[in-house]
Amino acid sequence: MNVAIIKYNAGNIRSVDFALRRLGVTARITDDFDVIRKADKVIFPGVGEAATTMKYLKEKAMDTLIASLEQPVLGICLGMQLMCRWSEENDTPCIGIFDEPVTRFPPGLKVPHMGWNNLHRVRGQLFEGDLQGAYVYFVHSYYVPVCEYTLAETQYMVPFSAAIRKGNFYATQFHPEKSGDPGQRILSNFLNV
Amino acid sequence: MLAKRIIPCLDIRDGKTVKGIRFENVVDVGDPVELGARYAVDGADELVYLDITATHEGRKLFADLVERIAAHLNIPFTVGGGIRDVGDAGVLLSAGADKVSVNSSAVRDPGLIDRIAGEFGTQFLVVAIDARNEKGGWTVYVNGGRIPTEKELFSWAREAQERGAGEILFTSMNHDGTKNGFACDALRELSSALTIPVIASGGAGEMQHFLEVFRDGHADAALAASIFHYNEIPVPVLKEYLRKNNITVR
């Protein structure tokens, strides 16, 4: 299988690469548009700040590239947030695949929401294999609300989207590459969609 | 529900695991990658690797080690020790580290926190603070607890948060190595003063100490080294104990 991991200015790119290797898949880490367009699966990882990252993606026209992809695409963490319409993080217009806002957690509990939390109301192929209630690893201060695209929910002050899907675009707020066995299962499920 | 985290900490010198007892007299306790993998299987929620190497050669070994750790572990890990600029943090991110921790270098150059957080996001940055309770106040120390500073624990922690720390890792030097329990009072105060997660460190000796640090110290995570390395408290046994005492753990 031909998997491309989108290379850009920030992101935990190596972690995703290593996780795929543990599943027996060697991915291409690349910013080459042709390679990305021709891949069977594309992963858009992310750790970082929304405005800086969007600026970089726009300069390289990677925002329009990502929106135009037709094969299965998996956005992770910041990748998921950038695939939405807008982020409250530095008032940043994003790629807009999912017509949803990304908002900051309200005051109350500690932010970032950091650590292991459960998945609820999971559905779809991404969560095949007894993943209801599974613990996965989150690190984020902003979230996508529960919406028509939600594939899994997690509760932290408010219920929010742990994963979303629209057509060929999949995204997880948690880091499957860092989420132990459940995470490996979810990545493997994505490779099989 | 968000689970309380159990974090074994591995001190690394020249690519090997060591544990300082009261910050001195280091003893070798095993291969860092092997130990990390064992902890991951055992249910550790996260790992911290601290490079205590002073030499240039040792630091290069550490970056290589970070890459091997990242290749093997499917849980998050933080690396720290000797990070003095954004470039150092970037090398470790590229090697596969999930977070970096800064300690003395941030005390000397607080703008380092702004720069690392600005470049890689606040979630990538843990600010570690070693402090000793003396004459009624908590004095921040640098250089592995050897040099006292003018800074005070609570104000420094708040400043670090404002500058962009994603988490605070607080080690009580009064408690570290004693195995008499964590600094629960100071931790509770710290936790209520901050809006970011607090990792408690220093003093773990019995399972009850972990219950206390979560229930009374309001810590979000608890870090320990020797009790895990010498298998005095296996992680699965600790988690079962916490679960029975109504602490949410994975």
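Throughout this description, residue numbers start from 1 for each chain and increase along the sequence as written. Just so you know, chain letters begin at A and ligand numbers begin at 1, following the order they were written in. Local features are withheld for residues below a pLDDT of 70 in this predicted model, meaning they are given only at 70 or higher, and side-chain atom pairs are given and counted only at 80 or more; totals for whole chains, interfaces and linings count all residues. The basis for the side-chain values is all heavy atoms of the structure; hydrogens and waters are excluded.

**Quick notes on the overall build of chain A**
Piece 1. Scanning chain A from terminus to terminus reveals six helices and 13 strands.
Piece 2. We compute the radius of gyration over the C-alpha atoms and compare it with the globule rule, which gives 2.2 Å times the number of residues raised to the power 0.38. Radius of gyration (C-alpha) of chain A: 15 Å, near the 16 Å computed for a compact globule of 193 residues.
Piece 3. Taking the principal axes of the C-alpha coordinates as reference, chain A spans close to 45 × 40 × 25 Å.
Piece 4. Classification of residues uses two cut-offs on accessible area relative to the type maximum, computed with a 1.4 Å probe and protein chains only: under 20% is buried, over 50% is exposed, and between them is partly exposed. Going through the 193 residues of chain A one by one, you find that 63% of them count as buried.
Piece 5. Taking all contacts inside chain A whose residues are at least 6 apart in sequence as the whole, residues at least 24 apart take part in 69%.
Piece 6. Surface exposure here means Shrake-Rupley accessible area, sampled with a 1.4 Å probe, where a residue is shielded only by the protein chains that are shown. On chain A, roughly 7000 Å² of surface is accessible, and the fraction owed to carbon and sulfur atoms is 46%. By the criteria applied, helices consist of DSSP H or I runs no shorter than four residues and strands consist of E runs no shorter than two, each listed in order from the N terminus. The contact criterion used is simple: two residues touch if any of their non-hydrogen atoms lie within 4.5 Å.

**Description of the packing of helix α5 (residues 111-120) of chain B against helix α6 (residues 153-163) of chain B**
Residues and elements named next belong to chain B.
Piece 1. Look at α5 against α6: their axes get within 8 Å of each other, and the N-to-C directions meet at 35°. In this structure, α5 meets α6 at a crossing whose hand is right-handed. Residues Gly111, Ile113, Asp114 and Ala117 of α5 touch α6, and the partners they reach there are Trp156, Ala160 and Arg163.
Piece 2. Polar here means any residue outside two lists: the nonpolar Ala, Val, Leu, Ile, Met, Phe, Trp, Tyr, Cys and Pro, and the charged Asp, Glu, Lys and Arg; Gly therefore counts as polar. Grouping the amino acids of the contact of α5 with α6 by side-chain chemistry returns four nonpolar, one polar and two charged. Orientation is described by lines fitted to C-alpha atoms, with helices fitted over the stretch in contact, and by angles between N-to-C directions that extend from 0 to 180 degrees. Left-handed describes a crossing whose near helix is turned anticlockwise from the far helix by less than a right angle; the clockwise case is right-handed.

**Side note on the environment of Gly133(A)**
All names here are of chain A.
Piece 1. Looking at the secondary structure, you find glycine 133 in the loop between β8 (113-118) and β9 (135-140).
Piece 2. A C-alpha to C-alpha distance of 8.4 Å links glycine 133 and arginine 121, two positions twelve residues apart in sequence.
Piece 3. Sequence-distant contacts of glycine 133, that is, excluding residues within four places in its chain, are made with Asn118 and Leu119.

**Concerning the confidence of the model for chain B**
Residues and elements named next belong to chain B.
Piece 1. Scored by pLDDT, chain B comes out at a mean of 91, with 95% of its residues at no less than 70.
Piece 2. pLDDT measures the predictor's confidence residue by residue and takes values from 0 up to 100. Here residues 20-26 is a poorly scored stretch, pLDDT under 50, and it has 16 contacts once near neighbours within four places are set aside; other chains count.
Piece 3. Among the scores for the predicted complex, ipTM is 0.91 and pTM is 0.93.

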